[in-house]
Amino acid sequence: MAEITYLEAIREALFEEMARDKNVFCMGQDIGAFGGAFKVTEGLMATFGEARVIDSPISEIALVGAAAGAAHMGLRPVVEMQFIDFIANAYDMLTNYVATARYRAFLPCPMVVRGPSGGYVRGGPFHSQNPEAGFLHTPGLKIVYPSTATDAKGLMKAAIRDDDCVLVFEHKYLYRRVKDVMPDGDHVVPIGKARVAREGSDVSIVTYASTVWKALEAAEQMAAEGISVEVIDLRSLAPMDDEAIFRTVKKTNRLLIVHEDTRTGGIAGEITARVNETCFEWLDAPVLRVTAADIPLPYAPALEDYVLPQTADIVRAVRRLTAY
Amino acid sequence: MARASRATTGGATPQQTRPSDALTRAQKIELFYWMRLTRQLEERLVNLYRQTKVVGGLFRSLGQEADAVGSCFALEQRDVMSPLIRNLGAMLVKGATPLEVLKQYMAKGDSPTRGRELNIHFGDIGEAGVTRGFLGQISPLGDMVPVMTGVTMSFKMRGEDRVGLVYVGDGATSTGAFHEGINFAAVQKCPLVVIVENNGYAYSTPTHKQTAAKHFVDKAIGYGVLGVQADGNDVLATYDATRQAVEHARAGHGVSLVELITYRRKGHAEHDNQSYVPDGEIARWAAANDPIDRYRAVLRAELAVSDDEFAAIDARIQREIDEATDIAERSGTPDAREALLGVYAAPPSEQPLWFRRDADTDAYGQERPESWGTWNADGGKR
């Protein structure tokens, strides 16, 4: 079978789930006849009709709120944020309404909010963000952020079938740059399970999304120097696969956490605390972080590349860890 | 006072036949019962509040009983209604019981939300005929409008003959959620009625600081939806205006905005001393425009309802509230460990944090916040 891109894998998941379950429907801005800003939903309206592929006003609050209402009634809405940066408009609806619905009112909220995320694309401050940490802090939401085409499809299908609200962050740099041959049959990747992207024995890198690929590049470079790096791709951020993190720490005794999101209050800090509470005796070196600087993401290539984590940064951090 | 906005596309005027003309004598008396039950139940809650049996705040709808009851009475059992904090009356009409309300306020373990949410923040929605069709509200105002857009979108997508009704106050019309929700519903022609209860105040903020619009119903024009305005203290006018909007929705014509003009005679909550209200304003409304007094006069004059009949209604309400109070007071508090259940469908439960693993769960709920700050900075008790 032919390889398909990360973007096509997401589209395939949407097609398969809409065909499988008539309760699944899509809403978003310009997603219908136009097929979406990145063409993720191209062809959906022609296949499933306007009733199930809804072009909405520019209203992120209404999209998320309406999805919740429809989900209460047994439907399974999939909402597109045209760029994930705009999810901030719906922060209240997601955190106050959706995330609390089951707990405070026993209301099911099976819905997906998905959208193109991340930088390295010269998108500037409002088309490059990684707002996942803001939602990780909210009990009641699930978060996935795939790095491969295979996982993009499998996690999207899992998200649509999940009985809770799942935020699916899709990395727009990876949309057309990574490809896979899809596994046969009904390919669903369980939410909450990390993946070993590369086995190693000297240093562990825990990461997700775009920086999985940078970590793999760094691991390759370190291998040439005789240092064996293990790379863990979290895939799901909430729930997080703590066991996979602890397992790799106990194996290599050195941990580097890498993410594209900014540093302060980021996910790396949370992982560090969990490792500290659980695996302190297993560590031979302090847990280190490579992240973006605490800066709104700038536009010019020289500026963006300087703010975002690069392969050379990861190599430098791995060397520092091995020096202990 | 009933006034159709320029966006009105037709419908009944006060001179023509009114939908309420079709109500039977028993139904008209039932409207009185719901209004009276609302007020008496809140009076009981005031007593319980003063006995510190209500755990949190107490929110009254004194003087607004007609708009909540009359509007919700225009719905069918299969329809779904989303109330706000002044809509106890609407919830009772839709099937919420005094017992549920009392248990909620007293944070009982067998309350509808098992002690997780406050006051009338609870609901029962889903399949028609199985659920009573009212949705639990949240505190951020305006948010229920987009949610009801989605609920009514589901009716449209499934071809169900059901209508949604969402209440907002004058204050909530200033939120982005209100705007986005009603606009999206309008574009999608969802079968949704948006009731704006204009009660003069949002907490302490008077309406003229909330909007420069002359009437809230005028906003209907901007959204391209039917606008209807009515005297919210006239229960039949409230029913008529809402019924028109409900029929508009049921006929497939989409959204309407119904402004009901009323007055909030109590503060935002029981603690609020209403220092911001001009002298005499509350007394004026109480004396001249109490919705229950007004409707009692109508029932006497037009349906010859007797003193005995009114006394029987009051006796029934008294009995129902007394019985519900007795049961609610006997109910227990929630088991502390239940706090960790049901954030997600899966996993169904969170694990206790490590410093709670062997804790005595019975101890929780006993700490008194009043003791905070009674220690000196050097650790000695003052």
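What you see is a predicted model, and the numbers here were worked out from it, not measured in a lab. (Residues numbered from 1 in each chain as written. Chains lettered and ligands numbered in written order. Predicted model: local features only at pLDDT ≥ 70, side-chain atom pairs only at ≥ 80, totals over all residues.)

### Digging into the sheet that holds strand β11 (residues 229-233) of chain A
Residues and elements named next belong to chain A. Test applied: Pairing between strands requires that DSSP locate at least two bridges from one strand to the other. Here a strand is any run of E in DSSP of at least two residues, a helix any run of H or I of at least four, and the numbering for each starts at the N terminus. Comment: axis = line fitted to C-alpha atoms, over the contacting stretch for helices; angle = value between 0 and 180 degrees taken between N-to-C directions. By definition, residues are in contact whenever their C-beta atoms, placed on the basis of the backbone, come within 7 Å of each other.
The sheet built from five strands is open, its strands ordered β9-β11-β10-β13-β14 with mixed pairing. The open sheet has two edge strands with one neighbour each: β9 (195-198) and β14 (288-292). Each neighbouring strand pair of the sheet contributes to a mean axis angle of 25°, computed without reference to strand direction. Direction of pairing for β9 relative to β11: antiparallel, over a ladder of three bridges. Across the sheet, residue V196 finds its bridge partner in β11, namely I232. Against the sheet, helix α12 (residues 311-322) touches β10 (203-207), β11, β13 (255-262) and β14, its axis set at about 170° to β14.

### Re the nonpolar core
Note the threshold: The term nonpolar core refers to a set of buried Ala, Val, Leu, Ile, Met, Phe, Trp, Tyr and Cys residues connected through C-beta atoms within 7 Å. Partly exposed residues are those whose C-beta has more than 12 but fewer than 20 other C-beta atoms within 10 Å; 20 or more makes a residue buried and 12 or fewer makes it exposed, with C-beta atoms placed from the backbone. The domain boundaries here were taken from an automatic or database domain assignment.
Of all hydrophobic cores here, the largest spans 197 residues; its most connected members are A:V64, B:V69 and B:V194. Residue assignment places this core across two domains, with domain 1 (3-181) and domain 2 (195-322) of chain A each supplying three or more. Not counting residues within four places of it along the chain, the set of residues in contact with B:V69 comprises B:L31, B:W34, B:M35, B:T38, B:G89, B:A90, B:V93 and B:V235.

### Observations concerning the packing of helix α3 (residues 60-72) of chain A against helix α6 (residues 176-188) of chain B
Two quantities define a packed helix pair, namely the angle between the helix axes and the distance between the axes. Rules: Geometric relationships in this document are graded by angle, where less than 35 degrees denotes roughly parallel, more than 145 denotes roughly antiparallel, 65 to 115 denotes roughly perpendicular, and other angles denote oblique. Handedness of a helix crossing follows the sense of rotation of the near helix relative to the far helix, less than a right angle counterclockwise being left-handed and clockwise being right-handed. Under the scheme applied here, ten amino acids are nonpolar (Ala, Val, Leu, Ile, Met, Phe, Trp, Tyr, Cys and Pro), four are charged (Asp, Glu, Lys and Arg), and all others, including Gly, are polar.
Across the interface, α3(A) lies against α6(B) with an axial gap of 8 Å and an inter-helix angle of 70°. With respect to their mutual orientation, α3(A) and α6(B) come out roughly perpendicular. The two elements α3(A) and α6(B) meet at a crossing, and its hand is right-handed. Between α3(A) and α6(B), the residues in contact are A:I61, A:A62, A:G65 and A:A66 and B:G176, B:A177, B:E180, B:G181 and B:F184, respectively. When the residues that make up the contact of α3(A) with α6(B) are grouped by side-chain class, the tally is five nonpolar, three polar and one charged.

### A closer look at helix α8 (residues 235-250) of chain B
All names here are of chain B. Threshold: Expected helix span is taken as 1.5 Å per residue step, with the number of steps being one fewer than the number of residues.
Across its 16 residues, α8 extends 22 Å between first and last C-alpha, which sits within 8% of the 22 Å expected from 1.5 Å per residue. Most of α8 sits inside the fold, with 14 of its 16 residues counted as buried. Just downstream of α8, G252 is the residue with a positive phi angle, here 90°.

### Some remarks on the domain arrangement of chain A
Quite often, the size of an interface is put as the accessible area lost when its parts meet. Residues and elements named next belong to chain A. With domains assigned, chain A is organised as domain 1 (3-181) and domain 2 (195-322). Every contact between the two is made by 25 residues of domain 1 and, on the other side, 22 residues of domain 2. Of all the secondary structure elements, the ones that give two or more residues to the side of domain 1 that touches domain 2 are α6 (132-136), β6 (142-144), α7 (149-161) and β7 (166-171). Residue composition of the side of domain 1 that touches domain 2, by class: 13 nonpolar, eight polar and four charged.

### Side note on the interface of chain B and chain A
Contacts between chain B and chain A engage 31 residues on the former and 27 residues on the latter. If you list the elements that add at least two residues to the side of chain B that touches chain A, you get α5 (144-158) and α6 of chain B. The biggest single contributor to the side of chain B that touches chain A is α5(B), with nine residues. Classifying every residue of the side of chain B that touches chain A gives 17 nonpolar, ten polar and four charged.

### As for the sheet that holds strand β4 (residues 76-80) of chain A
Residue and element names in this part refer to chain A. Spatial ordering of the open sheet is given by β3-β2-β4-β5-β7-β6-β12, a layout of seven strands whose pairing is mixed. With one partner strand each, in any of the chains shown, β3 (53-55) and β12 (236-238) form the two edges of the open sheet. Pairs of neighbouring strands in the sheet enclose a mean axial angle of 20°, with direction left out of account. Here β4 pairs with strand β5 (residues 112-117) via three bridges, running parallel. Note on β5: the bridge partner recorded for V78 is V112. Each of β2 (24-28), β4, β5, β6 and β7 touches α7; the most contacted strand, β7, lies at about 160° to it.

### Regarding α5(B)
Taking 1.5 Å of rise per residue, 15 residues should cover 21 Å, and α5(B) covers 21 Å from first to last C-alpha, within 8% of that figure. The buried fraction of α5(B) is high, at twelve of 15 residues. Along its buried surface, α5(B) packs onto α3 and α4 (91-98) of chain A together with β2 (80-82), β3 (164-169), α6 and β4 (192-198) of chain B. Looking at the residues trailing α5(B), positive phi occurs at B:G159, about 65°.

### Quick word on the confidence of the model for chain B
Residues and elements named next belong to chain B. To keep it simple, the criterion reads: Predictor confidence is given residue by residue as pLDDT, running from a minimum of 0 to a maximum of 100.
In the predicted model, chain B carries a mean pLDDT of 93, and 93% of its residues have values of at least 70. Note that residues 1-12 has pLDDT below 50 and, in this model, 33 contacts with residues that lie over four places away or in other chains. Both confidence scores are given for the complex: pTM 0.95, ipTM 0.96.

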